[in-house]
Amino acid sequence: MAQHSLPGSGTAAETPVAPAQRKRFRVHHLAEHKEAGRKITMLTAYDTITGRIFDEAGIDVLLVGDSMGDNTLGYENTIPVTLDEMVVSARAVARAAKHSMVLVDLPFGSYEASPEQALASAVRLFKESGAQAVKIEGGKRVAPHVELLTGAGIPVFGHLGFTPQSENMLGGKRVQGRGDEAAELLCEDALALQEAGAVAVVLEMVPAPVAARATEILRIPTIGIGAGSEVDGQVLVWTDMAGMGDWSPRFAKQFGQVGQALSDAARAYVGEVQSATFPAPEHQYEH
């Protein structure tokens with residue numbers, strides 16, 4: 001298939017495709033992008049406003065991540081996020097996404113007990129939100145879960161490396177896959193997910209050479225976050241990408257200063273209200 005016919009934001013050598021010309025990004029496009037060497041773009045989104053903006057910008061996959069826990073809900077980490085909260089957020093994003101694939105995390109506690117629990121949680125997300133795929137953390141231990149979900153018609157993204165739901169077991173936010181043995185285990189987990197039917201694997205905070213090796217041996221795409229450039233795509237938490245805070249991880253780049261712009265707008269609003277310059281005549285109704 002010619003590169004220009006693939007859905008998304010355009011090839012590296014082309015200008016972005018206008019929203020009206022884009023088709024829905026679907027599971028088979030993941031494989032097509034990997035085969036064509038075209039990078040997959042992914043950002044998190046937690047509400048309709050950001051979902052619409054990123055969809056129109058040409059993002060291939062919108063991840064409704066449990067990262068909303070420590071980025072928008074005020075939790076210390078992702079562990080407290082509930083399935084109910086994921087459903088509400090995913091529904092909001094799915095309503096806005098006309099072209100992007102909507103991928104949703106299975107939150108902590110919604111799949112670990114058994115493949116059947118994972119299936120029940122994923123079915124609820126699909127039926128109540130309109131999502132098109134789910135993401136699950138873990139390697140060989142969740143391969144039976146992935147196999148059951150894919151057999152039921154639910155596309156699954158794996159997630160290896162630093163897995164936030166296991167932060168307490170991992171000893172905090174630490175790079176994973178360092179050393180020959182750890183790197184080999186990560187690659188074995190990635191292969192196990194592929195064989196179970198996963199359509200892609202997210203690699204978080206792993207050494208770039210390890211991510212490159214996993215990308216080389218897998219038929220399915222790898223999406224990196226802190227995993228170097230030799231992967232099949234990239235994902236960032238949108239608040240890190242847009243400069244919404246005073247701090248962001250080493251692997252993130254701030255592509256804008258949205259937080260500062262929002263702060264400036266709020267301060268301007270306060271000033272004009274207090275000085276009675278807003279609302280002006282043009283903002284008022286007459287008889």
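Nothing here was measured: the structure is a model prediction, and the numbers come from that model. (Residues numbered from 1 in each chain as written. Predicted model: local features only at pLDDT ≥ 70, side-chain atom pairs only at ≥ 80, totals over all residues. Heavy atoms only, no water.)

**A few points about helix H4 (residues 83-96)**
Structural remark: α-helix, 3.6 residues per turn; residues separated by three or four positions point the same way. Here H4 is 14 residues long and its end C-alpha atoms lie 20 Å apart, about the 20 Å a rise of 1.5 Å per residue gives. Of all the positions in H4, only Leu 83, Met 86, Val 87, Ser 89, Ala 90, Ala 92, Val 93, Ala 94 and Ala 96 are classed as buried. (Helix = DSSP H or I, 4+ residues; strand = E, 2+ residues; numbered from the N terminus. Expected span 1.5 Å × (residues − 1). Buried < 20%, exposed > 50% of the residue type's maximum accessible area, 1.4 Å probe, protein only.)

**Here we look at the side chain of His 145**
If you trace the backbone, His 145 turns up in helix H6 (residues 143-151). For His 145, a relative accessible area of 6% corresponds to the buried category. Every residue in contact with His 145, bar those within four places of it in the chain, is listed here: Tyr 111, Glu 112, Ser 114, Pro 115, Ala 118 and Ile 136. (Contact = heavy atoms within 4.5 Å.)

**Here we look at the packing of helix H8 (residues 180-196) against helix H9 (residues 208-217)**
Relative to each other, H8 and H9 sit at 35°, their axes nearing to 10 Å. Crossing of H8 over H9 shows right-handed handedness. Contacts from Ala 183, Leu 186, Cys 187 and Leu 191 of H8 reach H9 at Val 210, Arg 213, Ala 214 and Ile 217. Here the residues of the contact of H8 with H9 are counted per class, giving 7 nonpolar, no polar and 1 charged. (Axes fitted to C-alpha atoms, helices over the stretch in contact; angles between N-to-C directions. Left-handed = near helix turned anticlockwise from the far one by under 90°. Nonpolar A, V, L, I, M, F, W, Y, C, P; charged D, E, K, R; others polar.)

**Comments concerning the confidence of the model for the chain**
Considering every residue of the chain, the mean pLDDT works out to 91; 89% of them sit at 70 or more. Within the model, the stretch residues 1-5 combines pLDDT values under 50 with 7 contacts to residues more than four positions away or in other chains. Across residues 9-14, confidence stays below pLDDT 50; counting only partners more than four residues off in sequence or on other chains, it has 14 contacts. (pLDDT = per-residue confidence, 0-100.)

**Points about the packing of helix H5 (residues 115-129) against H6**
Remark: H5 packs on H6, axes separated minimally by 8 Å, with the N-to-C direction vectors making an angle of 45°. Relative to H6, H5 is oriented oblique. The interaxial crossing formed by H5 with H6 has right-handed handedness. For the pair H5 and H6, contact is made by Pro 115, Glu 116, Ala 118, Leu 119 and Ala 122 and by Pro 144, His 145, Leu 148 and Leu 149, respectively. (Parallel < 35°, antiparallel > 145°, perpendicular 65-115°, else oblique.)

**Some details on the pairing of strand E7 (residues 222-225)**
In E7, alternate side chains face the same way, and those of Thr 222 and Gly 224 on one face and Ile 223 and Ile 225 on the other are all buried. In this structure, strand E6 (residues 200-204) lies alongside E7, joined through 4 bridges in parallel fashion. The residue bridging Val 201 from the neighbouring strand is Thr 222, located in E7. Handedness of the β-α-β unit built from E6, H9 and E7 comes out right-handed. Pairing of E7 with strand E8 (residues 233-236), which is carried by 2 bridges, proceeds in the parallel orientation. When the bridges of E8 are listed, Ile 223 appears paired with Gly 233. (Pairing = 2+ DSSP bridges. Right-handed = clockwise from strand over helix to strand, strands pointing away.)

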